[in-house]
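Working through the structure, step by step
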Amino acid sequence: TRVSSQRRAKCLGKLFALTALAVGTTYQTTNANQVHWINDSMNLKLYAHNQINEWNEFECFVELIHRESSWRYWVRNGSHTGLGQMRSDWYGKQSPRKQIDLTLRYITKRYYGKICQGALAHQKKFGWY
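**Focus: the side chain of Q85**
- One can find Q85 in the loop between β2 (80–81) and α4 (89–92).
- By relative accessible area, Q85 is classed as buried at 8%.

Right, here's the structure in full:
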């Protein structure tokens, strides 16, 4: 049993080292707020994924929000605020999930629910959607 526990400890040590290397390369220059923001943005993307039925539309939504706010729900650019950079103080004061819901509702009404062919295409051409 002594050999097996030594072998187990060695394997666990390698696993921890690989994990630390993987995490260290990802977060080595980040501070605590940046790590928190990375976790927030991943959770928001998961939430958005649950709201959008088609994978390609979800990918376009991720790109659209990244272009608008880099998934920073607190960001302000002049009179535009939040994830979707809507021109409303009220929108910017909503929870990040509510901002996603409102952005998707806006896209559905304006572009007939077509994120790729509507909103993202317009954003790429004009810089706004």
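The discussion continues.
**Focus: the packing of aromatic side chains**
- Evaluation of the coordinates by the stated rule reveals 5 aromatic pairs.
- Here Y106 and Y129 contribute two aromatic rings whose centre-to-centre distance is 5.7 Å and whose plane-to-plane angle is 75°, an arrangement assigned as edge-to-face. A residue pair is termed long-range when its members are at least 10 positions apart, and Y106 in helix α5 (residues 96–111) and Y129 in the segment after α6 (115–126) qualify at 23 residues.
- A ring pair is formed by F126 and W128, whose centres lie 6.4 Å apart and whose planes are at 40°; its orientation type is tilted.
- According to the relative accessible area criterion, F126 is partly exposed, its value standing at 47%.
- A relative accessible area of 44% places W128 in the partly exposed class.

**Here's the deal with the state of the cysteines**
- Counted according to the given criterion, the structure contains 1 disulfide.
- There is a disulfide in this structure between C60 and C116, and the S-S distance comes to 1.8 Å. Judged by the torsion about the S-S bond (95°), the C60/C116 disulfide is right-handed. Of this pair, C60 sits in helix α3 (residues 55–69) while C116 sits in helix α6, and the two are 56 residues apart along the sequence.
- For C116, a relative accessible area of 19% corresponds to the buried category.

Reading guide: rules and limits
- Residues numbered from 1 in each chain as written.
- Predicted model: local features only at pLDDT ≥ 70, side-chain atom pairs only at ≥ 80, totals over all residues.
- Heavy atoms only, no water.
- Helix = DSSP H or I, 4+ residues; strand = E, 2+ residues; numbered from the N terminus.
- Buried < 20%, exposed > 50% of the residue type's maximum accessible area, 1.4 Å probe, protein only.
- Phe/Tyr/Trp six-rings, centres within 6.5 Å; stacked < 30°, edge-to-face > 60°.
- Disulfide = S-S within 2.5 Å.

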